[in-house]
Amino acid sequence: MKPFTDIIDLPVLDEIDHALIRATQTGLPLSSTPYGDIALGMGLGGPDAVKQRLQRLLDIGVIRRIGIIPNHYRLGYHANGMSVWDIPDDVVDTMGEMIGALDFVSHCYRRPRHLPEWPFNLFAMVHGTSRETVETHVKDIHALLGQNVRNHRILYSSRILKKTGLRWRKSGDKKCCD
Amino acid sequence: MSNNRNPKPTPDLAPDLSALQIRLIEEFQRDFPTTPRPFATIAEKIGSDEESVITAISDMKTKGYVDRVGATYATGRAGASTLAAMEIPQDQLEKIANLVSHFTEINHNYEREDKLNLWFVVTAADQASLNTTIHSIEAKTGFAVHRMPMIEHYRLDLGFALQWN
């Protein structure tokens, strides 16, 4: 199997960044002054120091967004379909941008094929209240992709076996961070 | 362009959510204020008060509608990570899934209905640690781990500015 390089330009994060990620990954405290509380807990100067760090992490793309993180399943989105598509390489970026812009697609990625068993190179995650809803959405995707689709499939998740936030640990580290 | 990529709450299925709570979920999945008192800032924007906003969010957390208020991290930007998939005979799935979940580097471990039936994300501090972890999983389970790292992501709403005062 051809090895893939996952990361090309890894942003440089210092110890304080890592500590801030650990402090915020389980969520901000629901107090009047969450950033101030975090600053206090980490021994940083004040809420401004936390804000500046968070802003930088946003700017370099380490943080995608800050917000209320809902539980899709609990909110009634019981069907989670990972639609996977075999799209010719020369058009996959154009197609991906188009699919990634759809409201009902929560994630859209290009990933490597594993031929011959796995020909799919475009992944679009679709959440719906039922499988019927997901299938309707997937039909919409199919219509947009048109003749570029050589093959496709929907992989429904039947069980969530583990769902946690990020964990940080280097191999060889004796102490883990959670 | 839609401002809200994430699923909206469905009142039919979450009937105990208040109007305030639905609005909070709809409007504050991103661009959460970084003001010294963010919940007061939100309250000001939507015509509520700080205490009501905090109470509404706490209540949703208690009921499980909200996992947390916080940052979502792009795993691929803050270390090394990859989506991975394994093909496990159904009668061994439970056992193997438990072995895999036991690794602290694993999150989002899902059973999916396919020949490749176990899907998870491996995250490590760097590429070497990631390789070590994947090899350990293969050694411990006896099954191959297929790596499906992100080559490209397609999203229009990645960039946004924090609201500074």
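Look up a bit, the structure's there.
The shown structure was predicted, so the numbers you read here are calculated from the model rather than taken from an experiment.

Enquirer: Could you give an account of the pairing of strand E1 (residues 66–73) of chain B, with specific residues and numbers?
Expert: Extensive coverage of E1(B) is indicated by the burial of seven of its eight residues. Where strand E1 (residues 63–70) of chain A and E1(B) come together, seven bridges link them in antiparallel fashion. The partner of A:Gly67 across the bridge, within E1(B), is B:Gly70.

Enquirer: Account for the nonpolar core, naming residues and giving values.
Expert: One finds B:Leu24 and B:Phe32 to be the most contacted residues of the largest nonpolar core, which totals 39 residues. For this core, the elements supplying multiple residues, two or more each, are helix H1 (15–25), helix H2 (34–42), helix H3 (47–59) and E1 of chain A together with helix H1 (19–27), helix H2 (38–46), helix H3 (50–63) and E1 of chain B. Here the element with the most residues in this core is H3(B); it accounts for five residues. In contact with B:Leu24, not counting residues within four places along its chain, are A:Ile68, B:Gln29, B:Ile42, B:Ile46, B:Val53, B:Ala56, B:Ile57 and B:Met60. Ranked by size, the runner-up nonpolar core spans 21 residues in total, among them A:Ile87, A:Ile99, A:Val149 and B:Tyr154.

Enquirer: I'd like a rundown of the pairing of strand E3 (residues 106–112) of chain B, residues and numbers included.
Expert: By the criterion of burial, E3(B) is predominantly enclosed, with six of the seven residues buried. Linking two consecutive strands that pair antiparallel, namely E3(B) and strand E4 (residues 118–124) of chain B, is a turn of five residues.

Enquirer: Quick one: what's the story with the interface of chain B and chain A, residue by residue and with numbers?
Expert: Many analyses report the size of an interface as the accessible area lost when the parts associate. Contact residues are listed per partner, giving 92 residues for chain B and 87 residues for chain A. Here chain B meets chain A over a buried area of about 8,700 Å², counting both sides, of which 56% is carbon and sulfur. Remark: the boundary between chain B and chain A carries four salt bridges. The shortest N-O distance in the salt bridge between A:Arg131 and B:Glu113 comes to 2.9 Å. Taken together, chain B and chain A are joined by 30 residue pairs in polar contact (both at pLDDT 80 or more).

Enquirer: Outline the pattern of salt bridges, listing residues and values.
Expert: Residues and elements named next belong to chain A. The tally for this structure, following the rule as stated, stands at 16 salt bridges over all chains. One salt bridge connects Asp14 with Arg53, and the closest N-O pair in it is separated by 2.9 Å. Here Asp14, found in the segment before H1, pairs with Arg53, found in helix H3; they are 39 residues apart in sequence, far enough to count as distant. A salt bridge links Arg110 to Asp89; its shortest N-O distance comes to 3.5 Å. Of this pair, Arg110 sits in strand E3 (residues 105–110) while Asp89 sits in helix H4 (residues 89–100), and the two are 21 residues apart along the sequence. Look at Arg110 and you get buried, because its relative accessible area is 17%. Look at the salt bridges and you will find they share partners, linking Asp86, Asp89, Arg110, Arg113 and Arg150 into a network.

Enquirer: Describe in detail the packing of H4(A) against helix H5 (residues 131–145) of chain A, supporting the description with residues and values.
Expert: When two helices pack together, their arrangement is given by the angle between their axes and by how far apart the axes lie. Residues and elements named next belong to chain A. The N-to-C vectors of H4 and H5 enclose an angle of 145°; their axes lie 10 Å apart at closest approach. Here the hand of the crossing between H4 and H5 comes out right-handed. Across the interface between the two elements, Met95, Met98 and Ile99 of H4 pack against Ile141, Leu144 and Leu145 of H5. Residue composition of the contact of H4 with H5, grouped by class: six nonpolar, no polar and no charged.

Enquirer: Residues and numbers for the packing of aromatic side chains, please.
Expert: Inspection of every chain in the model, using the stated rule, returns five aromatic pairs over all chains. Measuring from ring centre to ring centre gives 6.1 Å for A:Trp118 and A:Phe123, while their planes differ by 45°; the resulting arrangement is tilted. Classification of A:Trp118 as buried rests on a relative accessible area of 2%. An aromatic cluster is built from A:Trp118, A:Phe120, A:Phe123 and B:Trp119, whose rings are joined through pairwise contacts. One Lys or Arg, A:Arg74, reaches over the ring of B:Tyr65 and ends 4.3 Å from the middle of that ring.

Here is what the cut-offs are and how they apply
Residues numbered from 1 in each chain as written. Chains lettered and ligands numbered in written order. Predicted model: local features only at pLDDT ≥ 70, side-chain atom pairs only at ≥ 80, totals over all residues. Heavy atoms only, no water. Buried < 20%, exposed > 50% of the residue type's maximum accessible area, 1.4 Å probe, protein only. Helix = DSSP H or I, 4+ residues; strand = E, 2+ residues; numbered from the N terminus. Pairing = 2+ DSSP bridges. Core = buried A, V, L, I, M, F, W, Y, C linked by side-chain atoms within 4.5 Å. Contact = heavy atoms within 4.5 Å. Buried area = accessible area lost by both parts, 1.4 Å probe. Salt bridge = Lys/Arg side-chain N within 4 Å of Asp/Glu carboxyl O. Polar contact = N/O pair within 3.5 Å; in protein donor to acceptor, adjacent residues only side chain to side chain. Axes fitted to C-alpha atoms, helices over the stretch in contact; angles between N-to-C directions. Left-handed = near helix turned anticlockwise from the far one by under 90°. Nonpolar A, V, L, I, M, F, W, Y, C, P; charged D, E, K, R; others polar. Phe/Tyr/Trp six-rings, centres within 6.5 Å; stacked < 30°, edge-to-face > 60°. Lys NZ or Arg CZ within 6 Å of the ring centre and 35° of its normal.

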